[in-house]
Amino acid sequence: MLSIKNLSRLTGATYLLMVPFGVLGILYIPNVILVSGDMVATIENIRNNLSMFHFSIFASLVVQLIQIILVLLLYKLLSHISKTAGILMIAFIVPAVSIAMLNEVSLLAISSLVSGVAFTATFTAEQVQGLVGLLFDMHQSGVMVAQIFWGLWLFPMGYLAYKSGYIPRLIGVLLMIGCFGYLADSLLFILNIEIGFTVSEYTFLGEVLLPLWLIIKAKEIARKHPKFQV
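### Observations regarding the overall build of the chain
Move 1: Across its full length, the chain holds 10 helices and 0 strands.
Move 2: Listing every helix and strand of the chain by position from the N terminus yields α-α-α-α-α-α-α-α-α-α.
Move 3: Taken over the C-alpha atoms alone, the chain extends approximately 65 × 40 × 25 Å along its principal axes.
Move 4: Put simply, the chain has 230 residues, and 41% of those count as buried.
Move 5: Within the chain, contacts between residues separated by at least 24 positions form 78% of all contacts whose residues are at least 6 apart in sequence.
Move 6: On the chain, roughly 11700 Å² of surface is accessible, and the fraction owed to carbon and sulfur atoms is 70%.
Move 7: Distance between charge centres in the chain, computed from 12 positive and 10 negative side chains, equals 33 Å.

### Brief notes about helix H8 (residues 169-190)
Move 1: For H8, spanning 22 residues, the distance from its first C-alpha to its last is 32 Å, which sits close to the expected 32 Å at 1.5 Å a residue.
Move 2: When we look at burial in H8, the residues that qualify are Ile171, Gly172, Leu174, Leu175, Met176, Gly178, Cys179, Gly181, Tyr182, Asp185, Ser186 and Leu188.
Move 3: Residues of H8 that are buried make contact with helix H6 (125-152), helix H7 (154-164) and helix H9 (205-216).
Move 4: At the C-terminal side of H8, Asn192 shows a positive phi close to 60 degrees.

Conventions we followed
Residues numbered from 1 in each chain as written. Predicted model: local features only at pLDDT ≥ 70, side-chain atom pairs only at ≥ 80, totals over all residues. Heavy atoms only, no water. Helix = DSSP H or I, 4+ residues; strand = E, 2+ residues; numbered from the N terminus. Buried < 20%, exposed > 50% of the residue type's maximum accessible area, 1.4 Å probe, protein only. Contact = heavy atoms within 4.5 Å. Areas by Shrake-Rupley, 256 points an atom, 1.4 Å probe, with all protein chains shown as cover. Lys, Arg positive; Asp, Glu negative; His and termini not counted. Charge placed at Lys NZ, Arg CZ, Asp CG, Glu CD. Expected span 1.5 Å × (residues − 1).

This is the structure we're talking about:
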């Protein structure tokens, strides 16, 4: 049985646990592997770092599994405020996780293309490069579709934080703003509009402050939270 204090700390720690896996799984590929406009160099990078490429796929899948645990913990902690908002959090995160996990298939296909002898015998180098480029584009598109739901789940979460009485209302507002940052990026991507930066880079602060507050202020949350155990 977990006390509210321990539940709060566990929820915050689970949220922060996504950071290292997210860096490896989401940032590693575009920053280390993918060379913009040069698919020959990209393929060479994959071949030279195949184990890390696969580990980045694994890390991305772990992020999604952590997110399932996280939304259930948040539901336990916050749903007494509004069960409807709690259910909406879960309803939005389920398609996000499903899309994101299926999206990693395209990266596994890339690994097979660049490392499989059968494929090199079937396709020319130019064809392999074209297929790898297409699969990377598909992966990026999948991320932006999943991001719609990564944004939407923040709104009910922010609402619950705002109404809780033991999480600063500012954090709730920042979470709801973060929702629209992700949605804006996805909409701009779908409409093929370039603005030179991603909106979510400037609207994610609530996602940093919430887990830190849940960990640091766990005792205060326990004092103000309705008296029950989970």
